[in-house]
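Chain residues, written in single-letter form:
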Amino acid sequence: MGRRRFFASGADASSGGTNVNKKLLLLAAAAVSTIGLARLVQAEPTTDTLEIDGKQMITRAPAPEGYPFKEVLSGWLFREAETRATEADSFSNPGMLAVERGEEIWNTVEGTMGKSCASCHNDASETMKDVGAHYPKWDADAKRPINVELQIDKCRTENMGAEAYKFDSDDQKALTTYIKYQSLGTPVKIDLSQGDMQSWWDKGKTEYYTRTGQLNLSCASCHEVNMDKMIRADHLSQGQVNGFPTYRFNTGGMVSLHNRIRGCIRDTRAEMPKAFSDELMALEVYVTWRGTGLSVETPSVRQ
Amino acid sequence: MATPKPRVKLPKKAKAGETIVIKTLISHEMESGQRKDKEGKVIPREIINKFTCEFNGKPVFACDMEPAISANPYFEFNAKVSESGKFKFTWVDDNGSVYTDEAAIEVS
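About the criteria used
- Residues numbered from 1 in each chain as written.
- Chains lettered and ligands numbered in written order.
- Predicted model: local features only at pLDDT ≥ 70, side-chain atom pairs only at ≥ 80, totals over all residues.
- Helix = DSSP H or I, 4+ residues; strand = E, 2+ residues; numbered from the N terminus.
- Buried ≥ 20, exposed ≤ 12 C-beta atoms within 10 Å, placed from the backbone.
- Contact = placed C-beta atoms within 7 Å.
- Core = buried A, V, L, I, M, F, W, Y, C linked by C-beta atoms within 7 Å.
- pLDDT = per-residue confidence, 0-100.
- Pairing = 2+ DSSP bridges.
- Axes fitted to C-alpha atoms, helices over the stretch in contact; angles between N-to-C directions.
- Parallel < 35°, antiparallel > 145°, perpendicular 65-115°, else oblique.
- Nonpolar A, V, L, I, M, F, W, Y, C, P; charged D, E, K, R; others polar.

Draft legend 1. Representation of the overall build of chain B within the structure. A tally of helices and strands in chain B yields zero helices and eight strands. Listed N to C, the secondary structure of chain B is β-β-β-β-β-β-β-β in terms of helices and strands. Considered along the principal axes of its C-alpha atoms, chain B spans approximately 60 × 20 × 20 Å. Scored against the burial criterion, the 108 residues of chain B give a buried share of 17%. Long-range contacts, defined here as pairs at least 24 residues apart, represent 56% of the contacts in chain B between residues at least 6 apart.

Draft legend 2. Up close: the nonpolar core. Residue and element names in this part refer to chain A. Within the largest apolar cluster, 31 residues are counted, with the highest numbers of intra-cluster contacts made by Ala98, Val99, Leu175, Tyr178 and Ile179. Those elements that place two or more of their residues in this core are β4 (71–73), α4 (95–106), α7 (148–160), α8 (170–181) and β10 (253–255). Of all hydrophobic cores here, the second largest spans 15 residues; its members include Ile190, Val241, Leu280 and Val285.

Draft legend 3. Fine view of the confidence of the model for chain B. Within chain B, residue pLDDT values average 94, and 99% of them lie at 70 or more. With pTM at 0.83, the complex prediction returns an ipTM value of 0.78.

Draft legend 4. Spatial organisation of the sheet that holds strand β5 (residues 58–64) of chain B. Residue and element names in this part refer to chain B. Pairing in this open sheet of five strands is mixed, and the strands run β2-β8-β7-β4-β5 from one edge to the other. One side of each edge strand has no neighbouring strand; the edge strands of this open sheet are β2 (13–14) and β5. Relative to strand β7 (residues 85–93), strand β4 (residues 48–55) runs antiparallel, the two sharing seven bridges. Within β7, the residue paired with isoleucine 48 across the bridge is aspartate 93.

Draft legend 5. Structural detail: the packing of α7 of chain A against α8 of chain A. Residue and element names in this part refer to chain A. The contact between α7 and α8 brings their axes to 10 Å, and the two run at 110°. The pairing of α7 with α8 is recorded here as roughly perpendicular in orientation. Only Gln172, Leu175, Thr176, Ile179 and Lys180 of α8 make contact with α7, whose side of the interface consists of Val148, Glu149 and Ile152. In terms of residue class, the contact of α7 with α8 is made up of four nonpolar, two polar and two charged.

Draft legend 6. Spotlight on the pairing of β7 of chain B. Residues and elements named next belong to chain B. One ladder, built from eight bridges, connects β7 with strand β8 (residues 98–107); its direction is antiparallel. Bridging from a neighbouring strand, lysine 86 pairs with alanine 104 of β8. Connecting the antiparallel pair β7 and β8 is a turn made up of four residues, with glycine 96 showing a positive phi of about 95°.

Draft legend 7. Representation of α7 of chain A. Residues and elements named next belong to chain A. The set of residues buried in α7 consists of Val148, Glu149, Leu150, Ile152, Arg156 and Met160. Summarising the contacts, the buried residues of α7 are in contact with β6 (144–146) and α8. Where α7 ends, the next residue or the one after it, glycine 161, has phi of about 65°, a positive value.

Written as structure tokens, this is what we have:
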């Protein structure tokens, strides 16, 4: 019923003329009606538990202080049974192909210094264990937070004499996936006391609640205000990032966090900030904090 | 595209007459032939078009695949085993390549 009323008022607005403002109004009305409709349909996250290769994953965690919900919920809980099953079995999880590829890269010599990742870091299952659960981290040289992708680039350019990866190249995604996979099951926790991390967190929080784009949506419009409701066929989650890079059936491949956030921003019909820009790094710091206590699920499987 | 890499998973041991679960996955882009590149040219179809599984030379499971099947095709099926032996898996690519994998099982 909500839908009918909203569409009816939208039609009235457009019949008055073709001026641009009215068109935008119609657009906004359409967006509101989608969310209005969603309000009618309640869905529940599953109560199943997730175990991968005998390791129990934390998919429900007590909220950190200042978090809007009582519980931090993994996106896994919101997905279809088949999608959940694909992630629960590491053999059927196609994201494991990226982990395997990442291991090859880890052991491959690249750059002018004749080194591979393994030359310095040896066995990743020991040296990288739990490391990915604590990024983004403050980088004193760059005076900004960096994520795993940027840490890899730093190593490549400074220690290997290799070039930084092009954003979202297959190798960048595979190596990031491999490194984060070494933290599978480890609870996410970032250190906000390092450097200026707190001010980046503040900036990220402001971005999270700022409405942008022609559809005038903020991150919170979907992932907080309408969390756990259906937006058309999609069950809105809390927008957690503990499983990135993630395997998406949508694209049949690995999707990096900055690619995913850019996709969300594109869907609000706003201009997309560049990957690893200050805007997206601040958002990554804040959004990662929102997932405090959840297990790293990389490579998670999503729709 | 990276060289497709097959993976199979089945128990190493089983009892005679037991029904076992076999899981297979191969990394492959499964280019449908329906997409166009930036210049508007059709990207030619290249998929895995056939998958077979044999046990000691006898067919266990086989199927043809079509362009609508997603990347990295995954199959899970059952087989009843009565003797020790070897499972052989074969994937046939549109480009003529054939990828194979084998797994032995001990039946007591």
